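Structural overview
Residues per chain are reported as follows:
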Amino acid sequence: MSDQNRLGVFKTYKLYVGGKFPRSESGRVYEVTDSKGQWLANAPKSSRKDARDAVVAARKAFGGWSGATAYNRGQVLYRVAEMLEGRKDQFVREVAASEGLSKSKAAAAVDAAIDRWVWYAGWTDKIGQIAGGANPVAGPFFNLSTPEPTGVVAVLAPQKSSLLGLVSVIAPVIATGNTAVVIASADAPLPALSLGEALATSDVPGGVVNILSGVTAEIAAPLAAHQDVNAIDLTGADTALAKELEIAAADNLKRVLRPGPVDADGASGSEDWTASPGTHRLTAFLETKTVWHPTGALGAAGSSY
């Protein structure tokens with residue numbers, strides 16, 4: 001059969017929850033268009049039930065992921081970068097269409113996203129050295145402070161940076177042992193949903209990252225109020241929505257990472273994602289555990305333990 005007589009196979013984008021690819025519980029979809037208004041795909045429109053299911057999956061995965069060694073988490077994250085590298089052409093097409101970029105600029109954004117993932121993979125077994133340490137105390141004790149993951153983190157991805165910004169908010173959350181429920185950019189969700197496919201074929205356990213698409217405010221509200229969500233990243237929220245979510249998050253004392261600068265349209269996530277990310281996102285969702293350990297009675301020479 002000649003190519004001109006062949007019907008193309010349209011891709012069906014689905015949510016990524018618990019290591020599986022369910023359709024939205026509500027059965028709803030919405031049209032995703034490119035920068036010129038041309039139809040690209042139908043994306044699932046997540047419901048409150050989808051958000052709750054994602055939290056259940058994230059909580060179930062938390063024990064195993066946070067209990068893994070930091071070195072092992074680094075290996076797993078590096079494997080994700082390998083999968084992204086192998087699917088680079090697909091992500092270039094999706095980023096170009098989603099953000100209205102030329103192919104060369106989209107390729108640069110994808111390369112930066114892959115490099116950013118590798119960068120965070122390298123931090124998994126190093127962050128403890130800058131976020132913890134031994135504390136001097138007046139007494140025969142060792143006093144040690146060590147960082148521990150907060151738990152389940154709800155992440156509102158940047159609205160305008162569909163892959164580089166997305167990676168920049170997801171990777172530090174899971175690199176430090178947390179699990180994530182991610183709300184993709186409402187207007188440009190396709191790279192995020194494809195990222196779920198890369199995660200599923202890597203070594204990341206199901207439930208560590210859960211990706212939802214749809215109306216950001218509609219999905220974020222139940223996550224901010226959810227008693228089993230320990231923290232929330234408001235990067236993808238505008239000023240009004242961020243304030244509402246902060247109020248809801250206060251009910252169970254969630255950690256809150258506030259959105260960056262807003263643009264003229266009131267949309268957040270306008271920060272420069274190409275800049276060096278630093279370590280502030282790595283430490284944003286860590287708790288500090290301090291342990292006192294007796295050294296024992298000191299001998300006459302002061303050296304006995």
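Figured I'd write up the structure that's included with this text. All of these numbers come straight from a predicted model, not from anything done at the bench. (Residues numbered from 1 in each chain as written. Predicted model: local features only at pLDDT ≥ 70, side-chain atom pairs only at ≥ 80, totals over all residues. Heavy atoms only, no water.)

Comments concerning helix H6 (residues 164-175)
Operational definition: Strands here mean DSSP runs of E at least two residues long; helices mean DSSP runs of H or I at least four residues long; both are numbered from the N terminus. What a helix is expected to span follows from its residue count: subtract one and scale by 1.5 Å. Only protein chains enter the accessibility calculation, which uses a 1.4 Å probe; a residue is then buried when its area is under 20% of its type maximum, exposed when over 50%, and partly exposed in between.
When the terminal C-alpha atoms of H6 are compared, their 16 Å separation across 12 residues agrees well with the 16 Å that a helix rising 1.5 Å per residue should span. With respect to burial, H6 is a largely interior element, 12 of its 12 residues being buried. Turning to H6, its buried residues number three or more, namely Leu-164, Gly-165, Leu-166, Val-167, Ser-168, Val-169, Ile-170, Ala-171, Pro-172, Val-173, Ile-174 and Ala-175.

A short note on the side chain of Thr-176
Applied cut-off: We call two residues in contact when some of their heavy atoms are within 4.5 Å.
By secondary structure assignment, the location of Thr-176 is in the loop between H6 and strand S6 (179-183). Thr-176 gets classed as buried once you look at its relative accessible area, which sits at 5%. Beyond its immediate chain neighbours, meaning those up to four positions away, Thr-176 contacts Arg-73, Ile-127, Pro-149, Leu-282 and Leu-286.

Quick look at the sheet that holds S6
Quick reminder of the rule: A pair of strands is treated as paired once DSSP finds two or more bridges between them. As a rule, the C-alpha atoms of each element are fitted with a line to give its axis, helices using only the stretch in contact, and angles between N-to-C directions run from 0 to 180 degrees.
Across the sheet, 5 strands lie side by side as S7-S6-S5-S8-S9; this open sheet has parallel pairing. Strands at the two margins of the open sheet, each flanked by one partner only, are strand S7 (209-212) and strand S9 (255-257). Across this sheet, the average inter-strand angle for adjacent strands is 15°, counted without regard to direction. The pairing of strand S5 (residues 152-156) with S6 spans 5 bridges and is classified as parallel. Counterpart to Ala-154 in the pairing with S6 is Val-181.

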